[in-house]
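# Structural overview for review
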Amino acid sequence: MTINQNLAIEEYQLTCDVLMEIAQDYDVPPDVADIASAAANELELQFIDNEQDDDDELEEQYADFIDYLESVIEDLEENELDDSQLNPLKKRLAKARKRLS
């Protein structure tokens, strides 16, 4: 599937929403909440507020988003985030990978 700006922004926003849910969950330790909150803020700055006009640049940015999301998931896994809280984020990653291929 070809990625376009609207699909990319939607995916970025949905991922940001999942991260904010993790950050605001009272069952999440404060350090994990901080990681999720910082990641959501980074998504806002680097991806949501940084639209690309060129298709090649958009595809590159989307690939960077996937890499970033993989790194965030690794950080959250290292901090022993519960699978039930991590699975929605992993689903977003799987969907993003599928869209890029």
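Anything mentioned here points back to the structure above.
Residues numbered from 1 in each chain as written. Predicted model: local features only at pLDDT ≥ 70, side-chain atom pairs only at ≥ 80, totals over all residues. Heavy atoms only, no water.

### Notes on the nonpolar core
- Tyr 12, Leu 19, Ile 22, Tyr 62, Phe 65, Leu 76 and Leu 89 are the most contacted members of the largest nonpolar core, which totals 31 residues.
- Of all the secondary structure elements, the ones that give two or more residues to this core are α1 (5–24), α2 (30–48), α3 (55–78) and α4 (83–100).
- Aside from chain neighbours lying at most four places away, what touches Leu 76 is Leu 19, Ile 22, Val 32, Ile 35, Ala 36, Leu 81, Leu 86 and Leu 89. (Core = buried A, V, L, I, M, F, W, Y, C linked by side-chain atoms within 4.5 Å. Buried < 20%, exposed > 50% of the residue type's maximum accessible area, 1.4 Å probe, protein only. Helix = DSSP H or I, 4+ residues; strand = E, 2+ residues; numbered from the N terminus. Contact = heavy atoms within 4.5 Å.)

### Focus on the pattern of salt bridges
- As enumerated under the stated definition, the model contains 4 salt bridges in all.
- As a salt-bridge pair, Glu 11 and Arg 92 come within 2.8 Å of each other at their nearest N and O atoms. Highlighted residues: Glu 11 in helix α1 and Arg 92 in helix α4, separated in sequence by 81 residues.
- A relative accessible area of 0% places Glu 11 in the buried class.
- Taking relative accessible area as the criterion, Arg 92 reaches 15% and is therefore assigned buried.
- A salt bridge links Arg 99 to Glu 11; the nearest nitrogen and oxygen atoms lie 3.2 Å apart. You can see Arg 99 sitting in helix α4 and its partner Glu 11 sitting in helix α1, a full 88 residues away along the chain. Accessibility assignment for this pair places Arg 99 and Glu 11 in one class, buried.
- Each of the salt bridges in this network shares a partner with another, and the network as a whole consists of Glu 11, Arg 92 and Arg 99. (Salt bridge = Lys/Arg side-chain N within 4 Å of Asp/Glu carboxyl O.)

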